Structures are given as structure tokens and as C-alpha cells.
Amino acid sequence: MDLPKLPRSFFHRRGEALESAVQLLQANDPSSTSARIIVYDDPIGDEGATKIANALRDSKFITSLTLDLRNCRIGDDGAIALGDAIRANEVLTTLKLDLCYNKIVEIGATQLAAALRDNKAIVSLDLRLGGNGIGSTGAEAMAGIIRHNKVITELTLDINKNRIGDKGLVFISEALQDTATLSKLDFFAQWNQIGNEGATALASALRVNSSIKVLDIDLDHDYVADPGMCALADAFGENQVITHLVFHVNGNELSDESVMALGSALCKNCTLVEFQFHAKKNQIGDKGATILLEEIKKNQSLGSFTILLEDNEISAAVLEQLYKVGVSINERSEHLSLTKRATSS
């Protein structure tokens, strides 16, 4: 039996990473169509990023690439060079580009986003820019990828710790209203000073979007309070397209009102199969958690259910009840799955 070929991989050794990465991309071996290049924590800077970009531009056989350039002291010039290479490359269909914790600001982010917006080959994009300084202007450029690229169907966009604020999330949200091609979105915007205005804009987008079925949103350690969370909860209730939803709001400003609204929304929704709600370190009490618990019990479509509410104002007894309901729902799903398999056989 022929075993599938594993991706060609390069794991960095500080000081030697750049040359090896370039050699891997320049090899142009038609028998190897995927590669992982991990060069994190190596100060290659813009010059090194440009060398990698030049090799990527001429790569003719790699269709799936992971390029990990975290904490490499790359600035705008390096980001622009990588963008130019991606725009010119016509064979990549799957790209994970990790540029977290570099020195990229608005100019680099805008040019990189423009290149990804214009690329017509990439179907699955994982772009990570956490811990840079792209601001709301950079977020607006990222929104252009969502709005104008009609090829990408799966997108991971990590822009945590970039000070995008409400304004940046509004740009992203407006783009989500316009897209009809994205089916899977992982959006990480924690530590971005996002409040109710941004959360409400996101809710408006999710209320009308008709393409995204798998959604993971992370707004941990932002400034979302009850008005924003209630708007999002209503959107979750009205959206009848999303089947898998993971939502992180740890360390925000939510109270009982938020989870009561969420419970009401979950009771209405009949398409969600998987739901995860991470809301540790808020101000949620027993009242809200208990109502949430009762409403969730009414939902018969959920097959996988996880709610994490530790470090709130909820008693151990209520937390235990939430855990038991989660176990019950998951066991119900497994029972139904086993029954279906038995019937089909």
C-alpha cells in the first residue's frame, strides 16, 4: 500500500533557518507539493523575509504551505515583499502565514491584505498577525480580503493585540455582511479594546450572513458588556445557517442579562449542532446561569455542548449542573449516532 507523502518540513535552528528555508522553497521538486517552514524567534528581519518571498514567488509545485515567521523582527518592508510573492504565486491553494509578534503596522498590513485580496488560487487561508500594530486601518484592509476575495472558503484571521478597537471590528463586520463565499471563519480579536459598538456591528453581520456554517470568534479580554452580548445572542438565535459555533468572551463585562439572552437565543435556534461558550472572569451569577441551563435543556438539535463559566459569581452547585447538562447532551448525541449507524448497517 502506498503511504501518503508527508509535508517536507524545516524546523528552525537559530542562525541557520533562513538559508534552509530558501533552499526548501527553491527545490521545486514535483513529487512534494506541501511544505512546513518554521523559522520563529530568529531575527531575520525584512531582508530575510524578502529572501523567503523571492523564493516563494518562483515556487512552482508547492500547493500547501505553512510559513511560521513569528517574532522574526519583520516590519512593513518584509510584509510587503511576502505579499508581492503571494500575489505572483499561482499554485498555492492552502496557506498558513504566521507573522505574530513582529513589527508590522498599517502600511505593511494594508499591502499584504491587498495581495491576499487579489490572489485567485488560495482557497484556505490562515493569516496570523497577533501582537503587531496594524490598528483599525490594518483591520479595514483585512476586511477587504473578506469582502472582495471570492475564492477563499476557509479563513482564519488572527489579529489579537493590535489595538483595532470598535472601529476595526466594524470594518470586519461590514465585510462579513457582504461575503457569500466563506463557509468557515476563525476570527481572533482578543485584547483589542473592543466594546459594545464593535460587538453590535458583529451581531448585525451574523444576523444576515448566509454562508458561514462553522464559526469561531474570540473576543477575550475586550470591553464587551451586556448590550453587545445581548445583540450577539439575538443574532445567534436568528441565524439558521451556522452549525458549529465557538464563542470566547473571557474577561469581559458580562452579567446575568447576557447569559439569559443567550439562553433565550439557544432555545430558538434549531440548526446548531455544536456550541461552545467560554465566559470565565465576568460577573455572571447563579440567576443567569440557572436560566441559561433551563433554556439549553429545551434545545433538541445540539449534539455537542460546552460552557465554561468559572471565576464568575456562580456557586459550585450550579456549575456542576451546567456540567451535567453538557454531559447529557453529548451522551444523547453519541446515542443518536450509534443508533443511526446500527440502522444503516
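Just so you know, these numbers come straight off a predicted model, no measurement behind them. (Residues numbered from 1 in each chain as written. Predicted model: local features only at pLDDT ≥ 70, side-chain atom pairs only at ≥ 80, totals over all residues. Heavy atoms only, no water.)

Chemist: What's the story with the pairing of strand β4 (residues 94–98) in this structure? I'm lost.
Modeler: Two faces belong to every sheet, and in a regular strand the side chains alternate between them. Of the pairings in the sheet, the one linking strand β3 (residues 64–68) to β4 comprises five bridges and is parallel in character. Across the sheet, residue Leu65 finds its bridge partner in β4, namely Leu95. Chirality of the crossover, the property in question, places the unit of β3, helix α3 (residues 76–88) and β4 among those that are right-handed. As paired elements, β4 and strand β5 (residues 124–128) share five bridges and run parallel to each other. Looking across to β5, one finds that Leu97 is bridged to Leu127. Each parallel crossover has a hand, and the one from β4 via helix α4 (residues 106–118) to β5 is right-handed. (Pairing = 2+ DSSP bridges. Helix = DSSP H or I, 4+ residues; strand = E, 2+ residues; numbered from the N terminus. Right-handed = clockwise from strand over helix to strand, strands pointing away.)

Chemist: Help me out: how do you make sense of the packing of helix α7 (residues 196–208) against helix α8 (residues 226–238) in this one?
Modeler: Each pair of packed helices gets described by two things: the angle between the helix axes and the distance between those axes. Where α7 meets α8, the closest approach of the two axes is 8 Å, and the angle between their N-to-C directions is 5 degrees. Considered as vectors, α7 and α8 are oriented roughly parallel to each other. Along its contact with α7, which presents Asn196, Ala199, Thr200, Leu202, Ala203, Leu206 and Arg207, the element α8 presents Pro227, Gly228, Ala231, Leu232, Asp234, Ala235, Phe236 and Glu238. Taken together, the residues of the contact of α7 with α8 sort by class into nine nonpolar, three polar and three charged. (Axes fitted to C-alpha atoms, helices over the stretch in contact; angles between N-to-C directions. Parallel < 35°, antiparallel > 145°, perpendicular 65-115°, else oblique. Contact = heavy atoms within 4.5 Å. Nonpolar A, V, L, I, M, F, W, Y, C, P; charged D, E, K, R; others polar.)

Chemist: What is the right way to look at unusual backbone geometry in this model?
Modeler: For residues besides glycine, phi is generally negative; the peptide bonds are generally trans as well. At Tyr101, a position not held by glycine, the phi torsion is positive, near 60 degrees. In this structure, Tyr101 sits in the loop between β4 and α4. Overall, Tyr101 belongs to the partly exposed group, its relative accessible area being 42%. A positive phi angle, close to 55 degrees, is found at Arg163, a residue other than glycine. Relative to the helices and strands, Arg163 resides in the loop between β6 (154–158) and α6 (165–178). (Buried < 20%, exposed > 50% of the residue type's maximum accessible area, 1.4 Å probe, protein only.)

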